[in-house]
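Okay, here's what each chain looks like letter by letter:
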Amino acid sequence: LENEMDYVPWDAANSQLSYVGSMLSRTELYGKFKRFIRKIVTKPFNIYSRDSNKTGHLDSFMRSILYGLACDYDLESCSKMAAKMFNNWMRDPENNRVDPGLKSTVYCSGVASGVKQNGTLSIRGTRRPLWHQRGQGYDQHCLVPSRLGF
């Protein structure tokens, strides 16, 4: 997958990788699995994150998969991009410039980043929990999109 740039193989692999990740998340092998995911997603992520001229439906779906995997497994460049998009959205929510296919990833990553840095995060009008904790940490299962109506 490391050199794969087509949607169909990534779509097929995405659900399987997510399943394996959930099975390994509470084991000593999870760190190695995260490094493996970062290794295979880095090249395609870098290509798709730089080339926003790819605007077809499959390109949008591919970008969504790559951002999701990259941010879920803490690829630094994805986390930085997502945090930047999230901060822009927080500064100017009326002109939300987040690609609709990336909203869930950007909002979850942005909130996780804010919580990790500040210990707390407050979003206007939201009183329900933003995170469902399954294990340790805030990055286990993000409820932000559903809580914010996305």
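Residues numbered from 1 in each chain as written. Predicted model: local features only at pLDDT ≥ 70, side-chain atom pairs only at ≥ 80, totals over all residues. Heavy atoms only, no water.

1. A short note on the packing of aromatic side chains
No. 1: Throughout the structure, instances matching the rule amount to 8 aromatic pairs.
No. 2: Centre to centre, the rings of Phe86 and Trp89 are 5.6 Å apart; their planes meet at 45 degrees, and the pair counts as tilted. On the criterion of helical spacing, the pair formed by Phe86 and Trp89 is a turn pair, its members being 3 residues apart in helix α4 (residues 76–91).
No. 3: The exposure class assigned to Phe86 is buried, which follows from its relative accessible area of 4%.
No. 4: Look at Trp89 and you get buried, because its relative accessible area is 11%.
No. 5: Ring centres of Phe86 and Tyr107 lie 6.5 Å apart, and the angle between their planes is 70 degrees; this geometry places the pair in the edge-to-face category. Of the two residues, Phe86 is situated in helix α4 and Tyr107 in helix α5 (residues 103–118); the sequence distance between them amounts to 21 residues. Both residues of the pair, Phe86 and Tyr107, count as buried.
No. 6: Put simply, the rings of Tyr30, Phe33, Phe36 and Tyr73 pair up and form one aromatic cluster. (Phe/Tyr/Trp six-rings, centres within 6.5 Å; stacked < 30°, edge-to-face > 60°. Helix = DSSP H or I, 4+ residues; strand = E, 2+ residues; numbered from the N terminus. Buried < 20%, exposed > 50% of the residue type's maximum accessible area, 1.4 Å probe, protein only.)

2. Notes on the state of the cysteines
No. 1: Counted by the stated rule, this structure contains 1 disulfide.
No. 2: Paired through a disulfide, Cys71 and Cys78 show a sulfur-sulfur distance of 2.0 Å. Across the S-S bond linking Cys71 and Cys78, the dihedral sits near -90 degrees, which makes this disulfide left-handed.
No. 3: For Cys71, a relative accessible area of 6% puts it in the buried group. (Disulfide = S-S within 2.5 Å.)

3. Quick look at a nonpolar patch on the surface
No. 1: Residues Tyr19, Val20 and Met23 make up a contiguous nonpolar surface patch of roughly 300 Å² in combined accessible area.
No. 2: Within the secondary structure layout, Met23 lies in helix α1 (residues 7–24). (Patch = residues over 30% accessible without salt bridge, like charges linked within 9 Å, V, L, I, M, F, W, Y side chains within 5 Å. Areas by Shrake-Rupley, 256 points an atom, 1.4 Å probe, with all protein chains shown as cover. Salt bridge = Lys/Arg side-chain N within 4 Å of Asp/Glu carboxyl O.)

4. Section: the nonpolar core
Across soluble globular proteins, nonpolar side chains have a tendency to be buried as a group.
No. 1: Membership of the largest hydrophobic core comes to 30 residues, with the highest contact counts inside it found for Trp10, Val41 and Phe45.
No. 2: Those residues in contact with Phe45, other than ones at most four positions away along the chain, are Leu66, Tyr67, Ala70, Leu75, Ser77, Cys78 and Met81. (Core = buried A, V, L, I, M, F, W, Y, C linked by side-chain atoms within 4.5 Å. Contact = heavy atoms within 4.5 Å.)

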